[in-house]
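# Reading the structure
So you can see what is in the structure, the chains are spelled out below.
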Amino acid sequence: MSKRLIRVTPAEVKSKQSILQKQPLNVVLSNGNTIFGRLISVDAVQLVLKDTRDHHHQIALSDLYEVVYDDSQGIVPPSRHATL
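What counts and what doesn't
- Residues numbered from 1 in each chain as written.
- Predicted model: local features only at pLDDT ≥ 70, side-chain atom pairs only at ≥ 80, totals over all residues.
- Heavy atoms only, no water.
- Core = buried A, V, L, I, M, F, W, Y, C linked by side-chain atoms within 4.5 Å.
- Buried < 20%, exposed > 50% of the residue type's maximum accessible area, 1.4 Å probe, protein only.
- Helix = DSSP H or I, 4+ residues; strand = E, 2+ residues; numbered from the N terminus.
- Contact = heavy atoms within 4.5 Å.
- Polar contact = N/O pair within 3.5 Å; in protein donor to acceptor, adjacent residues only side chain to side chain.
- Pairing = 2+ DSSP bridges.
- Axes fitted to C-alpha atoms, helices over the stretch in contact; angles between N-to-C directions.
- Salt bridge = Lys/Arg side-chain N within 4 Å of Asp/Glu carboxyl O.

### Some points on the nonpolar core
Judged by nonpolar contacts, the single largest core of 17 residues is most densely connected at Val13, Leu20, Leu47 and Val67. Where this core is concerned, the elements lending two or more residues are β1 (4-8), β2 (24-29), β3 (34-42), β4 (46-50) and β6 (64-71). In this structure, Leu47 is in contact with Val13, Leu39, Ser41, Val42, His57, Gln58, Ile59, Leu61 and Leu64, ignoring residues within four places of it in sequence.

In C-alpha cells:
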C-alpha cells in the first residue's frame, strides 16, 4: 500500500501533537535543514524532537517551516490551496 506525505504547518503542530507523537517525522526548518526523529513535546514556543542517536533538538516554532510524515492509512487531508 502506498503512503502519503502529510505536511503540517507550524500553526497546526500544537493541535496535531497526539498524531505527530506516533510517527517518525521530518522537521523542515526555514533555512532548509531537515531533522529526522520523533516528537517528544510541543509548547507555544518550541518543539522537542529526539533523533535516531537519542539527541534532543529544541526547535523554536518561529524557525519551523513544516513537519512532514508518512501516512499509511490513506487518509487525504483537506487541501491548503483554495483552487484545488
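### Focus: the environment of Asn31
Mapped onto the elements, Asn31 comes out in the loop between β2 and β3. Since its relative accessible area comes to 57%, Asn31 is described here as exposed. Remark: the alpha-carbon pair of Asn31 and Asp63, spanning 32 residues in sequence, is separated by 7.9 Å. At 3.0 Å, the side chain of Asn31 and the backbone nitrogen of Asn33 are in polar contact.

### Thoughts on the sheet that holds β1
Sheets are built from strands that pair by backbone hydrogen bonding, the pairs being arranged parallel or antiparallel. With antiparallel pairing, 6 strands are arranged side by side in an open sheet as β1-β6-β2-β3-β4-β5. Whereas interior strands pair on both sides, the edge strands pair on one side only; in this sheet they are β1 and β5 (56-60). Taking the axes of each pair of neighbouring strands and ignoring which way they run, one obtains an average angle of 45° across the sheet. Across 5 bridges, β2 lies against β3 in antiparallel orientation. Bridge pairing in β3 links Pro24 to Arg38.

### What to know about the pattern of salt bridges
Applying the stated criterion across every chain, the model contains 2 salt bridges. Residue Glu66 is joined to Arg7 by a salt bridge in which the shortest nitrogen-to-oxygen separation is 2.7 Å. Linking Glu66 in strand β6 with Arg7 in strand β1, this pair joins segments that are 59 residues apart in sequence. Of the residues examined, Arg7 reaches a relative accessible area of 42% and is grouped as partly exposed. The closest approach of N and O atoms between Asp54 and Lys50, which form a salt bridge, is 3.7 Å.

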